[in-house]
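# Structural description and commentary
Below, each chain spelled out in residue letters.
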Amino acid sequence: MLSFQGENILSVNQLDREAIELIFDVAKRMEPYAKKHKRTQVLEGAVLANLFFEPSTRTRVSFGTAFNLLGGLVRETTGMQSSALAKGESLYDTARVISAYADAVAMRHPDAGSVAEFATGSDVPVLNGGDGPNEHPTQALLDLLTIDRELNRFDRSVDGMHIALVGDLKYGRTVHSLSKLLCHYKNIKFSMVAPDGLQMPDYVLDAVSNAGHQIELVSQMEGNLAADIVYQTRIQEERFPSQEEANKYRGGFRISQAIYDAHCKPESVLMHPLPRDSRSDANELDNDLNSNDNLAIFRQVQNGVLIRMALFALTLGVENKVQQYETNV
Ligand code: CP
């Protein structure tokens, strides 16, 4: 029987289709608690150390919310300067210390591989909330759950779908993790729609190709957005070698309602990991799409709480005790 108890969640490479389906099954069971139709204290007395050394709104708050909804407490560290890492403490030592205080750790850090390095010193489960340009496994899981749910509305499924990944595919860690997760599904057509210089890294393309999926690499949006899922991304300016280099791409790939009407299918689902860059010279996903029923960005956000609740329940081994610890609403 598959078990995540005591495990870290560092990379989507750890997950196969059975693991994904287990996580989705537990996430579904979390829905009444996330919607506050029911309450549970299954993690009463447990502490989450929520360590965010890079800016975050959704991941940080939803990890904390998920832990609170299961009855646990959250202790936050935000920014490198508020941690002893700024005094030269190693990730290993920090982990030894934090895991003496906490029952689980959620962590974001600007360096690829940093969360895995931290986990070597931790005695409690560590969940990767994004390590530089490398991976964002919980985002990939919530994206996949959203894709599954959105396609179900149109009697379609992940197997056999057409997905267009759009924008900064080089530095966007969410599209790396999502592409790798989709390798566990069948017969998917990928349109990698990115400006020259920001295409998907070869190691991701190789994984997708080895999984038997079809890949199209294209450098313009026009004519390449008629997919079941159109997943737009922000230009990850903070990861470019210079602002000058980032400015070359700013505002290059924008989706508005007019672009949607001209180039997407009527049932194309629009996704974005958020934040979208709403500055007028960037604006990759226009506000005029906000009333489009197929804009799934805020449903992604809701699914993120379910996924993170499921991962806490699974890694702390309480997934089958949630109901037993129900209290009155
Ligand atoms: N999607 C995502 O990771 O958002 P935050 O940077 O706000 O956490």
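The rules behind these values
- Residues numbered from 1 in each chain as written.
- Predicted model: local features only at pLDDT ≥ 70, side-chain atom pairs only at ≥ 80, totals over all residues.
- Heavy atoms only, no water.
- Buried < 20%, exposed > 50% of the residue type's maximum accessible area, 1.4 Å probe, protein only.
- Helix = DSSP H or I, 4+ residues; strand = E, 2+ residues; numbered from the N terminus.
- Pairing = 2+ DSSP bridges.
- Axes fitted to C-alpha atoms, helices over the stretch in contact; angles between N-to-C directions.
- Domains from an automatic or database assignment.
- Contact = heavy atoms within 4.5 Å.
- Buried area = accessible area lost by both parts, 1.4 Å probe.
- Salt bridge = Lys/Arg side-chain N within 4 Å of Asp/Glu carboxyl O.
- Polar contact = N/O pair within 3.5 Å; in protein donor to acceptor, adjacent residues only side chain to side chain.
- Nonpolar A, V, L, I, M, F, W, Y, C, P; charged D, E, K, R; others polar.

Before going further, it helps to examine helix H7 (residues 173-181). For H7, the buried fraction is high: nine of the nine residues fall into the buried class. The set of residues buried in H7 consists of Arg173, Thr174, Val175, His176, Ser177, Leu178, Ser179, Lys180 and Leu181.

On to the sheet that holds strand E7 (residues 189-193), then. Pairing is parallel across the open sheet formed by five strands, whose spatial order is E8-E7-E6-E9-E10. Every interior strand has two partners, whereas the edge strands, strand E8 (214-218) and strand E10 (269-271), have only one. For this sheet, the mean inter-axis angle between neighbouring strands, taken without regard to orientation, is 15°. Taken together, the four bridges between strand E6 (residues 162-166) and strand E9 (residues 229-232) define a ladder with parallel strand orientation.

Once that is clear, we can look at the domain arrangement of the protein chain. Interface size is commonly expressed as the accessible surface area that is lost when the partners come together. What the domain assignment lists for the protein chain is domain 1 (12-135 + 303-327) and domain 2 (137-301). Taking the mean C-alpha position of each, domain 1 and domain 2 sit 25 Å from one another. The partner domain 2 presents 27 residues to the 30 residues of domain 1 that form the contact. Across the domain 1/domain 2 interface, buried area totals approximately 2500 Å², and carbon plus sulfur atoms make up 56% of it. It is Arg17, Arg58 and Asn303 that lose the most area in domain 1 upon contact with domain 2, and together they represent 27% of the buried surface on that side. At the surface where domain 1 touches domain 2, the tally comes to five salt bridges. One salt bridge in this structure joins Glu135 and Lys180, with 2.9 Å as the shortest N-O distance. Remark: the boundary between domain 1 and domain 2 carries 19 residue pairs in polar contact (both at pLDDT 80 or more). Those elements that provide at least two residues to the side of domain 1 that touches domain 2 are helix H1 (17-29), helix H3 (58-69), strand E5 (126-131) and helix H11 (297-315). Here the side of domain 1 that touches domain 2 gets seven residues from one element, more than from any other, and that element is H11. Considering only residue class, the side of domain 1 that touches domain 2 consists of 13 nonpolar, seven polar and 10 charged.

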